[in-house]
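A closer look at the structure
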Amino acid sequence: MNPLIPIMVILPITCALLLNLLHNKDKTVKILALIAGVALPLIPLLANYGMHYFGGYAPLIDNPTLAQGLPSTITNSSLYLFHPAITYSFASAQQLFIFVLGMVAFLAIFTSLNETKRASGVYTFLMFMGTAAVTAIVLADDIFNLYVFFEIAALTQVGIIICSKVENNYETALKYMILGSIAAPMLLLGIALLLGVTGNVNITDIIFAINHGMVDPQSPVLLLACGLILFGWLYGSGLPPFHTIKSAVYSKALPHGAALLQAFSVFTFAALGVIIIRIFAYLPFTETVVIFFSLAAMILGITMALMQTDFKRIIGFLAVGELGYIGLGLGMGTALGITAGLFQAVNEAIITAFLFIGFGTVLYKTGISDTNKLGGMLVENPKVAILVLLAGLAMAGVPPFNAFQSKLQLIQASINAGLPELGIIMVLLSIVTFLTFVKAYYTIYLKPKPQDLQIINEKIPRATIITMMVFLVICLVLGLFPQLATDSLQQLAVGLV
Amino acid sequence: MIIDTQLASFFTAAALIVLGIYGAVFMDNLIKKVIGLAFIGDGVNLFIITLGYKPGGIVYIYLPELAEMGKAFFTQNAAYPLPFALVLTSIVIGASTMAVMLGIIIVLYKKHGTISAAKVLDE
Amino acid sequence: MIEYILMIIIVVGAIMAMVQRDLLKAAILTGVPGAAMAFLYQFLLAPDVALTQAIVGSAIIPVFFALAAYKTRRMEEE
């Protein structure tokens, strides 16, 4: 029994509730938020691997004293193996995911505390709550617990949009909620069908029941459940047909909020995708459907990014497009492909957060996000401009950075899996990503400055620069030593095949 | 009766979900849309409850009166309680989502002066 | 027998709430399927869920809708 595993979820929730109580005490809130923020990435590093059973109700097989007095009809049946409690499983892959999520959350909170004037208020509360929810989604081995936190994550995302004072944020929030209120019950219906067929909500037990012939694996109810859970997955991560609303959500949030929101989507995508592959990989079409939607996300997301003029929309669509790479890795169905896909998830969460915060400085200085009205920002602040350029290079997959390693592995995996055409599409779309970024970069930083552009004479907070430096260092470290990440992801990937 | 309670209950749940999706997609009034969304949630909840129902069964609470009939009678006849525990959470989540949506609609009404989806959500 | 009547009430009440043009009446009508569902849960052997549904479905949610209709506009526009 490892107490640090539930603390990963409980700490941000407690901190969020506490911060909400301390209204108008800016200094206390700032200190508390920073301490809790530092703890977010540290706890997963300190915790031991293992399972956590809420209430301490371990399966009978792990609980010999209780199992002794039971009749043999129970100990000989599969009831002996079932998990009666809500289970959190924590292994090396979850450790890496939660570490990266905690890092992005800490840096986003750190930036927001320094950029916004008032530290107290619901914004910090929502950021902590969302982090707790997504951490629970990554940890949960219980599909209903996952649904509950999926809903909480969706509500906090809406809250983060409402807190920003960007134009039309309420309209986008309502649209996202209406779509969410259709998609989330569908996900719940899929979970209910799984529950009806297998009598269980624990993922390990569902897989046990399907693989050991306790239920008919080809039953149409399971096919329907697979379809409904896939639909919820598309909504939660913003794959087509939800790519437009998801990128609008990113563009309506403040830059640090958007950095955190995309990390939420990436990890929800990876965690739910892994669960879908775990449960339904035996169905012949699951992997094809995952590849199809991932390709659609890549093509639609990246080509639509090329057409936008608002730089927040550009990064929003790029973020959706880059999700496709993860899906392709998962859909290949080989250990190499899944490792590469999950590695890409980690990289994307870091790089997109880096880009959002980097371009956020432009918004901080000018208050404008339309690229047609911007220009000449290079002269204003060359240091930030170079950092943003490095972030863009990292996203496109240029050698010393981390995305290069994961994209290379993805292409190798696609050739190994006998799908070289996916590799070609990935290379082509990487080039388009780079073009999109260069176009945005040119219009914002290099083009001569328009006459009517007002630049606020206020220095960019040092916290923002530090944040970007930290992201750059993580990108470089993962780029030079990819085995740091792939070694921990490999175990999960091998278990899935 | 020609169809048994469980099947009829499944059909009711399906009717609610279909009606809710119809309302959420085709109604123009935002509050009507949200009413439709509430029906989708209700339908799914009813579906899960019906999964746990056992025709001719008893309530899954182990009352003292049942003790004399033996544990075996209880375990063979009680309804399956896991889905019911899930629905309790689901009802509360649904209600809080509705509240947030209606709050946003009130703010949007103050801004646009209308609650017609075509006018409010059109960018 | 009562369960079938309750099911019919749920579906008919839901349809009536959807077609009602007066939003305040529609809000109150959403309480009808909510309350009927609470009784139905009792017949489906889930008394604890029925208690929650009775409060949430037949009181809280209709009040939310009625408040929203009161704060915005009462009649649905053409």
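Source: prediction; values computed, not measured.

To continue, consider the interface of chain A and chain B. Between chain A and chain B, the residue contacts involve 28 residues of the former and 32 residues of the latter. Approximately 2,700 Å² of surface area, both sides summed, lies buried where chain A meets chain B, with 82% of it carried by carbon and sulfur atoms. The tally of links between chain A and chain B comes to one salt bridge. For Glu171(A), the salt bridge is made with Lys111(B), and the minimal N-O distance between the two is 3.1 Å. Our enumeration of links across chain A and chain B arrives at five residue pairs in polar contact (both at pLDDT 80 or more). A per-element tally of the side of chain A that touches chain B places helix α8 (residues 169-198) of chain A first, with 18 residues. Of the residues that constitute the side of chain A that touches chain B, the class distribution is 20 nonpolar, five polar and three charged.

A full pass over the atoms with the stated rule returns six cavities of 30 Å³ or more. Each pocket or cavity is described by its volume, and for the largest cavity that value is around 400 Å³. Forming the walls of the largest cavity are 34 residues, and the residues nearest its centre are Leu37(B), Gly41(B), Gly94(B), Ala95(B) and Met98(B). Of all the secondary structure elements, the ones that give two or more residues to the lining of the largest cavity are α7 (143-163) and α8 of chain A, α2 (30-52) and α5 (82-112) of chain B together with α2 (23-43) and α3 (47-71) of chain C. Ranked by residues supplied to the lining of the largest cavity, first place goes to α2(B) with eight residues. Of the residues belonging to the lining of the largest cavity, the class tally is 21 nonpolar, 11 polar and two charged. Looking at the second largest cavity, its volume works out to about 70 Å³. Elements represented by at least two residues in the lining of the second largest cavity include exactly α1 (4-21), α2 (26-46), α5 (92-115) and α6 (122-139) of chain A.

All names here are of chain A. Taking 1.5 Å as the rise per residue, helix α14 (residues 311-332) with 22 residues should run 32 Å; its terminal C-alpha atoms sit 33 Å apart, in good agreement. In terms of burial, α14 is largely enclosed, as 22 of its 22 residues are buried. The backbone nitrogen of Lys-312 lies 2.9 Å from a side-chain oxygen of the residue at the head of α14, namely Asp-310. Once α14 finishes, Gly-333 follows within two positions and takes phi at roughly 80°, a positive value.

Right, let's talk about helix α9 (residues 203-211) of chain A for a bit. Residue and element names in this part refer to chain A. Buried within α9 we find Ile-203, Asp-205, Ile-206, Ile-207, Ala-209 and Ile-210. Close packing links the buried residues of α9 with α7, α8, α10 (220-237) and α12 (255-280). At the N-terminal end of α9, a side-chain oxygen is found 3.0 Å from the backbone nitrogen of Thr-204, two or three residues along, and the residue is Asn-202. Directly beyond the C-terminal end of α9, a positive phi value near 70° is found at Gly-213.

The next thing to look at is the packing of aromatic side chains. Residues and elements named next belong to chain A. For the structure on display, the rule yields 23 aromatic pairs over all chains. An angle of 55° between the planes, with centres 6.1 Å apart, marks the rings of Tyr-49 and Phe-90 as tilted. Of the two residues, Tyr-49 is situated in the loop between α2 and β1 (50-53) and Phe-90 in strand β2 (residues 87-90); the sequence distance between them amounts to 41 residues. Under the relative-accessibility criterion, Tyr-49 is labelled partly exposed at 48%. Note on Phe-90: relative accessible area 2%, which makes it buried.

Residue Pro241(A) is bonded to the preceding Pro240(A) through a cis peptide linkage, with omega at 5°. Assignment of secondary structure puts Pro241(A) in the loop between α10 and α11 (243-252). For Asn168(A), which is not a glycine, the phi torsion comes out positive at approximately 65°. Take Asn168(A): it is sitting in the loop between α7 and α8. The class for Asn168(A) is partly exposed, based on a relative accessible area of 24%. With phi around 70°, Leu45(C) is a residue other than glycine that occupies positive phi space.

Interfaces are often described in size by the accessible area the parts lose on coming together. Chain C puts 40 residues into the contact, and the matching count from chain B is 49 residues. Taken over both partners, the interface formed by chain C and chain B buries close to 3,800 Å², and the fraction arising from carbon and sulfur atoms is 78%. For chain C, the biggest contributors to the area lost against chain B are Met18(C), Leu44(C) and Leu45(C); these three give 20% of the whole. Applying the counting rule to chain C against chain B returns zero salt bridges. At the surface where chain C touches chain B, the tally comes to five residue pairs in polar contact (both at pLDDT 80 or more). Elements that contribute at least two residues to the side of chain C that touches chain B include exactly α1 (2-19), α2 and α3 of chain C. It is α3(C) that provides the largest number of residues to the side of chain C that touches chain B, a total of 12 residues. Looking at side-chain class alone, the side of chain C that touches chain B contains 28 nonpolar, five polar and seven charged residues.

Calculation criteria
Residues numbered from 1 in each chain as written. Chains lettered and ligands numbered in written order. Predicted model: local features only at pLDDT ≥ 70, side-chain atom pairs only at ≥ 80, totals over all residues. Heavy atoms only, no water. Contact = heavy atoms within 4.5 Å. Buried area = accessible area lost by both parts, 1.4 Å probe. Salt bridge = Lys/Arg side-chain N within 4 Å of Asp/Glu carboxyl O. Polar contact = N/O pair within 3.5 Å; in protein donor to acceptor, adjacent residues only side chain to side chain. Helix = DSSP H or I, 4+ residues; strand = E, 2+ residues; numbered from the N terminus. Nonpolar A, V, L, I, M, F, W, Y, C, P; charged D, E, K, R; others polar. 1 Å grid on protein atoms, 1.4 Å probe; cavity = no way out; pocket = protein on both sides within 12 Å on 5 of 7 lines; lining within 4 Å. Points joined across faces, edges and corners; volume = space filled by probe spheres on them. Expected span 1.5 Å × (residues − 1). Buried < 20%, exposed > 50% of the residue type's maximum accessible area, 1.4 Å probe, protein only. Phe/Tyr/Trp six-rings, centres within 6.5 Å; stacked < 30°, edge-to-face > 60°.

In short, the description is geometric, and any link to function would need to be established separately.
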